[in-house]
Amino acid sequence: MSSRVAIDIGSSTGKIYHGRLGGELDVTEAYRFETSPTEVDGRLIWDVEYLTAEIVAGLESVIEEAGSVSSIAIDTTAGDFGLLEDGELQSDPYCYLDQSLYSKEDELLERVPRREIFRRTGHHGVPNSYYYQFHEDPESFERADELVMLPQLLSWKLGAEPVGETSFGVTLRAMDIRTGEWATDLLSELDLPTDVLPELADAGTQIGSVDPSLSESFSGETDIYLAPSHDTSAAMAAIPFEPGSPGFLCTGSWFIPGLELAEPVIDDAAFDVPSSNELSVGGRIRYIRNMPGFSLLEHCRDTWCQTGGRYGYDELIAGARDAEPFRSIVDPLDGLFFEAQAEGGVVEAIETYCADTDQPVPETEGEITRCLLESLAIRTALVLERLMAAAETYTDRLHLVGGGVENELFCQLVASATGLEVKAGPTEATAIGNLLSQCNASGEIESYEEGREIVDENVDFDYYEPRNTSEWDDALERTVAEIA
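Values in this document were obtained by computation on a predicted structure and should not be read as measured data.

K.L.:
Explanation requested: the overall build of the chain in the structure shown.
P.N.:
Helix and strand content of the chain: 19 helices and 23 strands. Against the compact-globule benchmark of 23 Å for 484 residues, the chain has a radius of gyration of 22 Å, which places it among compact chains. The dimensions of the chain, computed from C-alpha atoms along their principal axes, are 60 × 55 × 50 Å. Expressed as a percentage of its 484 residues, the buried residues of the chain come to 57%. Expressed as a percentage of contacts within the chain between residues at least 6 apart in sequence, the contacts between residues at least 24 apart total 71%. Looking at the chain as shown, the accessible area adds up to about 19500 Å², and 42% of this sits on carbon and sulfur atoms. Distance between charge centroids for the chain: 4 Å, based on 30 positive and 93 negative side chains.

K.L.:
Help me out: how do you make sense of the packing of helix α13 (residues 335-343) against helix α14 (residues 346-356) in this one?
P.N.:
For any two helices packed against each other, the geometry comes down to the angle between their axes and how far apart the axes lie. Where α13 contacts α14, the two axes come as close as 8 Å, and the packing angle between them is 155°. When the axes of α13 and α14 are compared, the pair comes out roughly antiparallel. For the pair α13 and α14, the crossing hand works out as right-handed. Residues L336, F337, A340 and Q341 of α13 lie in contact with α14, whose contacting residues are V346, A349, I350, T352 and Y353. Across the contact of α13 with α14, the residue classes tally to seven nonpolar, two polar and no charged.

Calculation notes
Residues numbered from 1 in each chain as written. Predicted model: local features only at pLDDT ≥ 70, side-chain atom pairs only at ≥ 80, totals over all residues. Heavy atoms only, no water. Helix = DSSP H or I, 4+ residues; strand = E, 2+ residues; numbered from the N terminus. Rg over C-alpha atoms; globule rule 2.2 N^0.38 Å. Buried < 20%, exposed > 50% of the residue type's maximum accessible area, 1.4 Å probe, protein only. Contact = heavy atoms within 4.5 Å. Areas by Shrake-Rupley, 256 points an atom, 1.4 Å probe, with all protein chains shown as cover. Lys, Arg positive; Asp, Glu negative; His and termini not counted. Charge placed at Lys NZ, Arg CZ, Asp CG, Glu CD. Axes fitted to C-alpha atoms, helices over the stretch in contact; angles between N-to-C directions. Parallel < 35°, antiparallel > 145°, perpendicular 65-115°, else oblique. Left-handed = near helix turned anticlockwise from the far one by under 90°. Nonpolar A, V, L, I, M, F, W, Y, C, P; charged D, E, K, R; others polar.

So yeah, pure geometry; function would need other evidence.
Written out as structure tokens, the structure reads:
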């Protein structure tokens, strides 16, 4: 029974998981560290040396406990990359949270319309970061030997070859979703260089072994694999879809409602949702729309804590249960909330939105939490409805994974808002999917389908049925009228 390690780098926390696949699936969190981007000269960057040191420390911790590790793989948040020159990293990569990376969108769209970008890449977003960084500093790209995406950059620091991985490549919004290759014709129209783009490989490819010179604990016998290295793609490997139920909701700081499909959806109806196509596992498509998630509540908690209060989740959820339902509903996709998150004013944004739409303004922490949870559930239902209509594909169950699994109130709200049975679990889907991809690559399991069956047999799922459907129908109708 091989010992394996999944390394998951989020925008605020890095987690290292130790997993074994024997008679049952055994996955435990072994190490955790802060990953918040570092501010340098007013810009947000990833401190690669710090991240590498923490990953090494986490691996040392697992080896001390387990004795040895057969393989590792890394997944991260989407869209970031560094440039290699003569075998060295030119500079720490920008973090996607740096708002400057999005300052040239209008200029980019003057060159190629958004509809055309969507047709080629399957993504409603545009390659902002790539475009911005090249036009800000073209000399760096001219000197560079290769562009390396963040998860592969960290793998390279550990001893791997600097190849690209397809699911993460899609998040750069520079790949042709139909072919799985770089969209070189599109990039040329945008005057972007293509000679630095890495060779692409699928998840499951072995790309090296952990360098024993990094630690006395390392033997040089730990393989490094490509996971589905966009964290949401990794999570998809841990969702046990059944026939007729391709719907899912990945929950965390961001929410990702969607459908797992066989082919991308890139017609006008999909563009108008607006929606995006990214890669799942096993050659399938993740048809989605991203939306703000629990980050909204986190911003509120930060505001309340600054007043000297202590606001744990249990306390806030208890207050939300006691609060009047459907009193105030906001639209998390309203631009007001994107601005509020950047400026730290989500509480004020809720107050403003409710006042502007002639709704009661929530006052207590419990009322605000109830407002956010109901609003997220309703927006999820509306997004999912539009995705299903555009894809002409429907689901009779919603698979819910991520941190929201532990919030029973929220799971029930989602079931009621969508009118679907919710199958909640696993919480750590990303880590489990990462580990199962390594098992698949090594031959320990035969396919992602077998891995999903293992999840279905080993995870204790919770099930939620819709309640109070007439009241939710009224709330949905009211919300549609407000955002129309």
